[in-house]
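What the coordinates show
Given next are the chains, with one letter for each unit.
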Amino acid sequence: MPSSVGTGLNPEQQQAVEYRGGPLLVIAGAGTGKTRVIVHRIASLIDSGVPANRILAVTFTNKAAEEMRKRIDALVPGQASKIWAHTFHAFAARMLRKHASAAGLHPHFTVYDAADQKRIITETLKEVGLVNEKSKAGLYVSVISRAKDDLLDAESYAIHAMTQPDSFRETVAKVYTRYQKKLDSAGGVDFGDLLLKTAHLLKNDERVRSYYQEFFREVLVDEYQDTNHAQYVITKTLAAKHRNLCVVGDPDQSIYAWRGAHIRNILEFESDFKNAKTVKLEQNYRSTPNILNAAGAVILNNRQRHAKSLWTEAPEGDPVEVEELSDERQEAKYVVRRVVDLVDHGASLKDIAVFYRTNAQSRSFEEALSLAQLPYRVVGSVRFYERKEIKDVLSYARAALNPADSVSLSRVLNVPARGIGKSAEEALKIFARDAGLTLRDALSHPEAAATLSPSGRRGARELAHVLDRLSADFAVLSPSEAMNAAMQRSGYWDWIENAVETDPEAAGRLGNLQELLNALKEFEEAQGEDADLSRFLEEVALQSGADGYDASQPAVTLMTVHLAKGLEFPAVFVTGLEEGLFPIQAGNASAEEVEEERRLCYVAMTRAEKRLFLTHAASRRLFGRAYSNLPSRFILEARLFSREEGPKRELDESPEPRTQEFVEPDRTFEQGDRLRKIKRGMLVRHPEFGEGKIVDFSGAGEALKVTIHFRNGKTAKLLARFAPLFPA
DNA sequence: TTTTGATAACTTTTT
DNA sequence: GTTATCAAAA
């Protein structure tokens, strides 16, 4: 971090570290030494006698928690591991694990991730008879998850739906109720439940509540601008007694409203907590003035915003560069060229990051970088624990550990194939339901299932046997041995191994399984005696994309803008800055949504220390189709354009060698002194509609029509002969 | 029942 | 351009 300040803190940081008078809000702009303040504050609390195990520090990712521990350990050795440093979700899981029976949960309850959630919802939709809604499973998942974030359980949601009759809400209420029943009977929780059930536990169980209110002497919450209602309630409840609550955040970096975060939590902190003290950190130690000015100019366009400005003592630095490329392949080639350039000038690959709005964009960069033989790492796209083979064997482990977990069990009923096909699965489930058995118990008594085929019966018996053996194994084996047993006894390992000759991907799968075993061995070493498989499974479910990548490896970092939050790099490329992509959905986005996109762009830009490059492509291929996009409004807002009229500042030296790669004949038409020659991708001006870009043609000669995307978001198809088009 | 092949649906962002 | 889903063939 800021080596410029040595070990000292500036006066505001000092104040934030030392304040002891109750609720404290630290508004920490990008790069103002936020983590440093939290770390020093915790160290100082410990110094002044607060027991480390009575401090709760909530972070946004597991990686951030780990990082925090490491830095605290350097200041007050031996104490860091005692601190409750977790993400909200991991903290909630810890609480629920400890008070499982009070919370009405199985002690080995399963944490279902987003993919599990979607599967269960799809199944629920089928059961409720909404077969044609199946493709909307994602929508239901998000509506239900948002409800949970707002602490609306199925019952409350149903009441809420009744007060405002609306058929969609009623349907959701029905699906929600049924979905929840499934989770409850499987003894599982989804992400939302972790928070909701913790909030309920604290609310309804007086003993638990007062115990923790007394226990946690200090509560600190990082990235407070991204907390949702459930997290807010948990925080407020825990801090109610001692009132030693310190929240840190930056409203300009709130980028998770779509996930239920309420920016008002931070904006209204002072009215929520009487006599709260606010400290603002505005001195930036990360970026050059050129970078800060550009980012500041962008965020200035948000209306929903508290005034704040960052300043720095750093020298001006290199100009921010903007480059338009013809398509995403050229964009990737450009990035590679500049990366090579940076490396030639002494940069290390690990100093360089490429950000994009959507995961799908990583592809072209990966191709270009490997072509150039430059090592890179993609953070968070296809996560290890989301791979099919990994999820399958984990499901065996979950099913063996928690006999009620029919969700995990039904995932692996017939993987590898053992004669339990679609109809057999159906028969088993109906039998289980009618007989009042769990799916697992039903497997043990297949002879009683009337409609089950002979092969289904054989398969069921076989699987029941596997699970019984595994449950017995698990009682005596270490986590890695247990997982190995799951792979062997289920026949999964052999199944993949046998496929190696025919399936080119099988070898990789086998490698992944081996890697999982290695991860478990590492986990055992780290945890020592009390290494426990269900603990491992929980950690896995709560892993974030940002977790577990090694930042010290010499490789270019590729990641989405969301994952970049909290990180910093000497050189940053923010790519795909186009209307419709970043901001996404430019046309039909609400003002709030555009403001969130703008904050996202601000976050991306402020990650850069020394060099910042912004790129956009005139045309971009998506699902095989090419789309033409205008440069993002954020580029214009950054005021980096070298246009005659604009204020002259940080310019690309080369005036404008726009690389136009389209080899397409110019179209011509007769028309007074107006524009006569038009070209795809060309910027034009229309007296009524303003500036726009030509994206398509049809017809020829007198009937030549042009399709233009205008900056105001409108698209028009005009007859070239009549349209008053002028050069932009 | 399982495998294969066709087709449709999809992409924001993630704890 | 890929992955999930569904229908037909083995």
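Now for the side chain of Thr-198. Position of Thr-198 among the secondary structure elements: in helix H9 (residues 191-204). By relative accessible area, which is 0% here, Thr-198 ends up buried. Among all residues touching Thr-198, those that are not within four sequence positions of it are Ala-92, Met-95, Leu-96, Asp-193 and Ile-234.

The next point concerns the protein's contact with DNA strand B. Around DNA strand B there are 28 residues in total, and Arg-357, Asn-359, Gly-419, Ser-423 and Ser-544 lie nearest to it. What you see for DNA strand B is that sugar and phosphate hold 50% of its atoms within 4 Å of the protein. One of the side-chain nitrogen or oxygen atoms of Arg-259 is found 3.3 Å away from a sugar or linking oxygen of DNA strand B. Its residues placed into classes, the surface near DNA strand B shows 10 nonpolar, 15 polar and three charged.

This paragraph deals with empty space enclosed by the protein. Tallied over the entire structure, the rule returns three cavities of 30 Å³ or more. Looking at the second largest cavity, its volume works out to about 100 Å³. Considering the residues around the second largest cavity, the lining is formed by Arg-97, His-108, Phe-109, Thr-110, Val-111, Arg-398, Leu-401, Asn-402, Ser-534, Leu-537, Glu-538 and Ala-541. Looking at the lining of the second largest cavity, the elements with two or more residues in it are strand S4 (110-111), helix H17 (388-401) and helix H25 (533-541).

With that out of the way, let us pick up the layout of surface pockets. Empty space within the second largest pocket amounts to approximately 1200 Å³. Lining of the second largest pocket is provided by 28 residues; of these, Glu-123, Glu-127, Lys-182, Ser-406 and Lys-429 occupy positions nearest its centre. Those elements that provide at least two residues to the lining of the second largest pocket are helix H5 (114-127), helix H8 (167-186), helix H18 (406-412) and helix H19 (422-435). Along the lines of polarity and charge, the residues of the lining of the second largest pocket split into eight nonpolar, seven polar and 13 charged.

Taking 1.5 Å of rise per residue, the 23 residues of helix H21 (residues 454-476) would be expected to cover 33 Å, and the 34 Å separating its terminal C-alpha atoms lies within 8% of that figure. Considering only its buried residues, H21 is in contact with H17, H18, H19, helix H20 (439-444), helix H22 (479-489) and H25.

Before going further, it helps to examine the packing of aromatic side chains. Overall, the coordinates contain 21 aromatic pairs when judged by the stated rule. Seen from their ring centres, Trp-84 and Phe-216 are 5.1 Å apart, and the 85 degrees between their planes marks the pair as edge-to-face. Taken as a pair, Trp-84 in strand S3 (residues 84-87) and Phe-216 in the loop between helix H10 (206-215) and strand S6 (218-221) lie far apart in primary sequence, 132 residues in all. Owing to a relative accessible area of 4%, Trp-84 belongs among the buried residues under this scheme. When the centroid spacing of 5.2 Å and the interplanar angle of 65 degrees are considered together, the rings of Phe-523 and Phe-536 count as edge-to-face. Here Phe-523 is found in helix H24 (residues 506-527), whereas its partner Phe-536 is found in helix H25, with 13 residues between them in sequence. Neither Phe-523 nor Phe-536 differs from the other in exposure class; each is buried. Cluster of aromatic residues (ring-pair linked, three or more members): Trp-84, Phe-91, Tyr-211, Tyr-212, Phe-215 and Phe-216. Sitting over the face of the ring of Phe-109, Arg-97 holds its NZ or CZ atom 3.9 Å from the ring centroid. The cationic tip of Arg-259 hangs over the ring face of Tyr-256; the distance from NZ or CZ to the ring centre is 4.4 Å.

Strand pairs in the sheet, formed through backbone hydrogen bonds, run parallel or antiparallel to each other. Taken together, six strands build an open sheet; the order of strands is S9-S14-S13-S10-S12-S11 and the sheet is parallel. On the outer flanks of this sheet lie strand S9 (321-325) and strand S11 (376-378), each paired with one strand and no other. When the angles between neighbouring strand axes are averaged without regard to direction, this sheet yields 20 degrees. Of the strand pairs in this sheet, strand S10 (residues 352-356) and strand S13 (residues 569-574) are connected by four bridges, and their pairing is parallel. Of the residues in S13, the one forming a bridge with Val-354 is Phe-573. Seen against the sheet, helix H15 (residues 328-344) touches S9, S10, strand S12 (556-560), S13 and strand S14 (608-617) and runs at an angle of roughly 155 degrees to S14.

Conventions adopted
- Numbering of residues starts from 1 in each chain and follows the order in which that chain's sequence is written.
- Here the convention is simple: chains get letters from A, ligands get numbers from 1, in the order in which they are written.
- Selection of residues for local features in this predicted model requires a pLDDT of at least 70, selection of side-chain atom pairs for listing and counting requires 80 or more, and totals for whole chains, interfaces and linings are taken over all residues.
- Derived side-chain values reflect all non-hydrogen atoms in the structure, with water molecules and hydrogen atoms excluded from consideration.
- Here a helix means four or more residues in a row that DSSP labels H or I, a strand means two or more in a row labelled E, and each is numbered from the N terminus.
- Exposure categories follow from relative accessible area, calculated using a 1.4 Å probe and restricted to protein chains: below 20% of the type maximum is buried, above 50% is exposed, and the middle band is partly exposed.
- Working rule for contacts: check all heavy atoms of both residues, and any pair within 4.5 Å makes them a contact.
- Whether a residue is near a molecule or strand depends on its heavy atoms: it is near if one of them lies within 4 Å of it.
- Here a polar contact means two N or O atoms within 3.5 Å. Within protein one must be a hydrogen donor candidate and the other an acceptor candidate, and residues neighboring in sequence count only if both atoms are side-chain atoms.
- For this classification, Asp, Glu, Lys and Arg are treated as charged, while Ala, Val, Leu, Ile, Met, Phe, Trp, Tyr, Cys and Pro are nonpolar and the rest, including Gly, are polar.
- Both site types are read off a 1 Å grid over the protein atoms alone. A 1.4 Å probe that fits but cannot get out defines a cavity, while an open set with protein on both sides within 12 Å along at least five of seven lines defines a pocket; lining residues have an atom within 4 Å of a point.
- Grid points are joined across faces, edges and corners, and a volume is the space filled by probe spheres set on the points.
- The length a helix should cover is 1.5 Å for every residue beyond the first.
- Each aromatic pair joins two rings of Phe, Tyr and Trp (for Trp, the six-membered one) with centres within 6.5 Å, and gets the label stacked for planes under 30 degrees apart, edge-to-face for over 60, and tilted for any other angle.
- Working rule: Lys NZ or Arg CZ, within 6 Å of ring centre, within 35 degrees of ring normal, means a charge sits over the ring.
- By this definition, two strands are paired if DSSP reports at least two bridges between them.
- With axes taken as lines fitted to C-alpha atoms, and helix axes fitted only over the stretch in contact, angles between N-to-C directions fall between 0 and 180 degrees.

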